[in-house]
Amino acid sequence: MTTAPPILKMRDIVKVFPGVRALDGVTMTVNTGDIHAICGENGAGKSTLMKVLSGVYPHGDYEGQIIYRGEEVAFKDIKGSEKEGIVIIHQELALIPELSVAENIFLGNELVQRGLIDRRRSMREATDLLARVGLEVDPSTPVKNLGVGQQQLVEIAKALSKNVRLLILDEPTAALNEDDSANLLDLMRGLQGRGITSIMISHKLNEIAAVANAVTIIRDGRTMETYPVVAGQVDEDRIIRAMVGRSLDNRYPEHVSNPGEVALEVRDWVVEHPVVPGRLVCDHSNFVARRGEILGFAGLMGAGRTELARSLFGRSYGIHRSGTVLMHGQEVELTDVRSAIRNGLAYVPEDRKSLGLNLIDPIKATIVSAHLKGVERRGLVDERAERRIAEGYRKSLRIKAPSVDIGVGTLSGGNQQKVALAKWMFPDPDVLILDEPTRGIDVGAKYEIYKLIQDLADQGKAVIVISSELPELLGISDRIHTICEGRITGEVDAKTTDQETLMRLMTTTSGTAAA
């Protein structure tokens, strides 16, 4: 138990946006030296609370009191909070790809001598900081050449360069694979050992159990409860109940599927890497997806799951070398995205912010964007029809937004995902490919997405789900294909298999196994 005074107290924090009371009297205490987790549904107010703390929303723009290290603080901007040792790392990393690791670490905080950047000192200190976070890369390496996990470590090294006392991490492992996630959690423990306090926003209850000392649950902008966490133990049902206001007895809704005729058939599909000659990202892939069926795809990071999906969706990734696609038994040429949509194929991408949505567009424009003919009148968009359709999806998918006129970028991750799904439901496709449909989404919103996926299957659509979470695939799929190094290595019945079998098939390149 910590004996030092709390490093942070936030009292009765209220933050209002037009039409939305995002924070409604949130109160939270963080003990010095702890790793403090914050849980809540998407849109509950977690990120907004941390933006209030870090000065993104300046003092005067919210109500309430912030006590930091025993004194009330009133930050006007991020520089003010960073000066006091509070550093926030957002879910969307704030790195400039073209700059080097060292340049990114000291960006806005450059080491200067006689009015010029001291590059030797920058490289030397960057090397020391990278060693502290366990990242073995040359500090002159452009950030664009690093993986997402490595970029996350660069962000933490950047925070350490600012003499951080309180480190805020917003969904730090949302885009990481299992190994990178484990390394990051180990690093957080190491920083704790050096006296750094951390606040971690996360939906992953197993990670909270692994590293957190306490957890605060927020729902609808209000603090529901805060309680200490015993090492390695978390009452998941208690957290879920507080997050969503109800108990989830089963994380995956019960469902009986009725697979019908083949909607999509892929034969001998071969795709070459767009940059590396001779490297096959899809190596003679063969599979079928049936109407009314949920087909899962499992594979380790880089195995070729997303590459297969994007190459099928109008050849939007890689260089197509050979292979055919049949829709309802008829061969089709999906040479571009337009032809893929026209033939009844839809794809919700893994990276919804970069590839799936235009964040500055309003919800209504985004939802109809993949099928403008559906709202066309005399060559122009019928705004009444656009609004009516968007409002219908807002209500049916329970998108949390005051109106369909607001920008998609103002929504939480879970609600952005619902907009992305609505965008591709509107064209009424026969085959819908969902790439990591629940990444960065809380358990309550996940349940809603699972129900939606099941409803789509019940409507007779073939739904293909790509996921890094094996329990998720086992919980919602009818069949699962495994992929390793661009090859489909297995086909199993989701109801009669287990994670160990999937992992074995995901790590072999020898042939295709059938259930």
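Residues numbered from 1 in each chain as written. Predicted model: local features only at pLDDT ≥ 70, side-chain atom pairs only at ≥ 80, totals over all residues. Heavy atoms only, no water.

The name that an unreviewed UniProt entry assigns to the protein is Sugar ABC transporter ATP-binding protein, with the source organism given as Brachybacterium equifaecis.

**Student:** Help me understand the sheet that holds strand β17 (residues 330–332) in this model?
**Tutor:** Pairing between the strands of a sheet comes from backbone hydrogen bonds, and it takes one of two forms, parallel or antiparallel. Read from one edge of the open sheet, four strands run β14-β13-β16-β17, paired in antiparallel fashion. One side of each edge strand has no neighbouring strand; the edge strands of this open sheet are β14 (280–290) and β17. Strand-to-strand twist in this sheet, taken as the mean axis angle between neighbours without regard to direction, amounts to 15°. (Pairing = 2+ DSSP bridges. Helix = DSSP H or I, 4+ residues; strand = E, 2+ residues; numbered from the N terminus. Axes fitted to C-alpha atoms, helices over the stretch in contact; angles between N-to-C directions.)

**Student:** Just checking my understanding: could you explain the packing of helix α14 (residues 413–425) against helix α15 (residues 443–458) for this structure?
**Tutor:** How two helices pack is summed up by the angle between their axes together with the distance between the axes. Look at α14 against α15: their axes get within 12 Å of each other, and the N-to-C directions meet at 10°. With respect to α15, the element α14 is oriented roughly parallel. Contacts between α14 and α15 involve K418, L421 and M425 from the former and E448, I449, L452 and L456 from the latter. Classifying every residue of the contact of α14 with α15 by side-chain character gives five nonpolar, no polar and two charged. (Parallel < 35°, antiparallel > 145°, perpendicular 65-115°, else oblique. Contact = heavy atoms within 4.5 Å. Nonpolar A, V, L, I, M, F, W, Y, C, P; charged D, E, K, R; others polar.)

**Student:** Hey, could you run me through the sheet that holds strand β2 (residues 20–30) in this one?
**Tutor:** If you trace the four strands from one edge of the open sheet to the other, you get β2-β1-β4-β5, paired in antiparallel fashion. Sheet topology places β2 and β5 (71–72) at the edges, where each strand pairs with a single neighbour. Note that strand β4 (residues 63–68) and β5 share two bridges and pair antiparallel. The residue bridging I67 from the neighbouring strand is E72, located in β5. The sheet strands contacting helix α1 (residues 46–54) are β1 (8–17), β2 and β4, and the helix crosses β1 at an angle near 110°.

**Student:** Just to check I follow, could you spell out empty space enclosed by the protein for this structure?
**Tutor:** Empty space among the atoms becomes apparent when a probe as large as a water molecule is rolled across them. Applying the stated criterion to the full structure yields one cavity of 30 Å³ or more. The space that makes up the largest cavity amounts to roughly 50 Å³. Every residue lining the largest cavity is listed: F287, F297, R305, L308, A309, L312, I433, I464 and I466. Among the elements of the structure, α9 (305–312) and β22 (462–466) are those that each provide at least two residues to the lining of the largest cavity. Looking at the lining of the largest cavity, the element that brings in the most residues is α9, giving four residues. Along the lines of polarity and charge, the residues of the lining of the largest cavity split into eight nonpolar, no polar and one charged. (1 Å grid on protein atoms, 1.4 Å probe; cavity = no way out; pocket = protein on both sides within 12 Å on 5 of 7 lines; lining within 4 Å. Points joined across faces, edges and corners; volume = space filled by probe spheres on them.)

**Student:** Which parts of the structure should I look at to understand helix α8 (residues 236–244)?
**Tutor:** Along α8, the residues that are buried comprise I239, I240, A242, M243 and V244. Check the buried side of α8 and you find it contacts β3 (35–40), α7 (205–211), β11 (214–219), β12 (222–228) and α15. Looking at the residues trailing α8, positive phi occurs at G245, about 80°. (Buried < 20%, exposed > 50% of the residue type's maximum accessible area, 1.4 Å probe, protein only.)

**Student:** In this structure, what is going on with the packing of helix α5 (residues 148–160) against helix α6 (residues 178–193)? I would like to understand it.
**Tutor:** Their axes nearest at 10 Å, the elements α5 and α6 cross at an angle of 15°. Considered as vectors, α5 and α6 are oriented roughly parallel to each other. Here α5 and α6 pass one another in a crossing that is right-handed. On α6, the residues that touch G149, Q152, L153, I156 and L160 of α5 are D180, L184, L187 and L191. Split by residue class, the contact of α5 with α6 holds six nonpolar, two polar and one charged. (Left-handed = near helix turned anticlockwise from the far one by under 90°.)

**Student:** It is not clear to me how the pairing of β22 should be interpreted in this structure. Could you clarify?
**Tutor:** If a strand is regular, its side chains alternate between the two faces of the sheet. Taken across its five residues, β22 has five buried, putting it largely inside the fold. The pairing of strand β15 (residues 294–299) with β22 spans four bridges and is parallel. Looking at the pairing, I294 lines up with V463 of β22. Each parallel crossover has a hand, and for strand β21 (residues 431–435) linked through α15 to β22 it is right-handed. (Right-handed = clockwise from strand over helix to strand, strands pointing away.)

**Student:** Before we go on, may I ask you to explain the pattern of salt bridges in this structure?
**Tutor:** Side-chain pairs of opposite charge can arise whenever the charged atoms involved come near each other. Applying the stated rule across the entire model yields 24 salt bridges. A salt bridge links E333 to R315, with the nearest nitrogen and oxygen atoms 3.5 Å apart. Here the residue E333 occupies a position in the loop between β17 and α10 (337–342), and R315 occupies one in the loop between α9 and β16 (319–327), the gap between them amounting to 18 residues. (Salt bridge = Lys/Arg side-chain N within 4 Å of Asp/Glu carboxyl O.)

**Student:** Hey, could you run me through the nonpolar core in this one?
**Tutor:** One broad rule of soluble globular proteins: the nonpolar side chains tend to lie buried together. Of all hydrophobic cores here, the largest spans 79 residues; its most connected members are L264, F287, F297 and I464. With residues near it in sequence (within four places) discarded, F297 still touches F287, R305, L308, I464, V465, I466, S467, L473, H481, I483 and I488. The next biggest cluster of nonpolar side chains, apart from the first, holds 52 residues, and it includes L146, M200, L205 and V244. (Core = buried A, V, L, I, M, F, W, Y, C linked by side-chain atoms within 4.5 Å.)

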